[in-house]
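Residue-level structural notes
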Amino acid sequence: QVQLVQSGGGLVQAGDSLRLSCAASGRTFDAAGWFQQAPGKEREFVGGIVWSGGATYLPDSVKGRFTISRDNAQSTVYLQMNSLKPEDTAKYYCAIRIRGGITLTPDRYDYWGQGTQVTVSS
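Computed from a prediction, not measured in an experiment: that's the story for all the values here.

Calculation notes
Residue numbering note: each chain is counted from 1, following its sequence as written. Reporting in this predicted model follows two pLDDT cut-offs: at least 70 for local features of residues, and 80 or more for side-chain atom pairs to be given and counted; totals over whole chains, interfaces and linings ignore these cut-offs and use all residues. Note that water and hydrogens are dropped before the side-chain values are worked out from all heavy atoms of the structure. Type-normalised accessible area, obtained with a 1.4 Å probe on protein chains alone, sets the label of each residue: buried when under 20%, exposed when over 50%, and partly exposed for intermediate values. Put simply, DSSP H or I for four residues or longer makes a helix, DSSP E for two residues or longer makes a strand, and each gets a number counted from the N terminus. Strand pairing is assigned whenever DSSP identifies at least 2 bridges connecting the two strands. Only buried residues count toward a nonpolar core. Its members are Ala, Val, Leu, Ile, Met, Phe, Trp, Tyr and Cys residues joined through side-chain atoms within 4.5 Å.

1. A word on the pairing of strand β9 (residues 90–97)
The buried fraction of β9 is high, at seven of eight residues. Relative to β9, strand β4 (residues 31–37) runs antiparallel, the two sharing seven bridges. By the bridge assignment, Q36 is partnered in β9 with Y92. Across three bridges, β9 lies against strand β11 (residues 116–121) in antiparallel orientation. When the sheet's bridge partners are listed, K91 is paired in β11 with Q117.

2. Describing the nonpolar core
In terms of nonpolar packing, the biggest core is built from 28 residues, with W34, F66, L79, M81 and Y92 touching the most fellow members. Counting only elements with at least two residues in this core, the list comes to β3 (18–25), β4, β5 (44–50), β7 (66–71), β8 (76–81), β9 and β11.

Put into structure tokens, the structure is as follows:
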């Protein structure tokens with residue numbers, strides 16, 4: 001049984017940092033991604049990592065503020081978010097792709113975490 005358990009998140013002020021974690025169990029996978037979803041909006045890609053080798057990709061919207069890393073031994077993926085802005089407020093989800101590389105398309109990920117709320121006050 002595949003499980004993705006997320007932790008982290010919460011209420012912070014603009015300019016603060018947060019780290020989200022996503023612990024995966026149940027099987028191996030090729031890539032992981034992080035997505036944000038604000039109320040009334042579609043799920044939006046904020047970064048991904050290739051499990052083997054650790055190559056990452058982040059869109060320009062968060063590049064320089066967010067980073068993605070992994071802990072192989074713990075099968076955990078992290079999203080480090082710095083210089084947070086009120087517009088980063090959303091529910092954040094991690095997802096894994098069993099076969100294939102990083103993709104921006106949510107439907108191409110096979111399993112999802114439960115989501116964690118990040119709220120940034122101004």
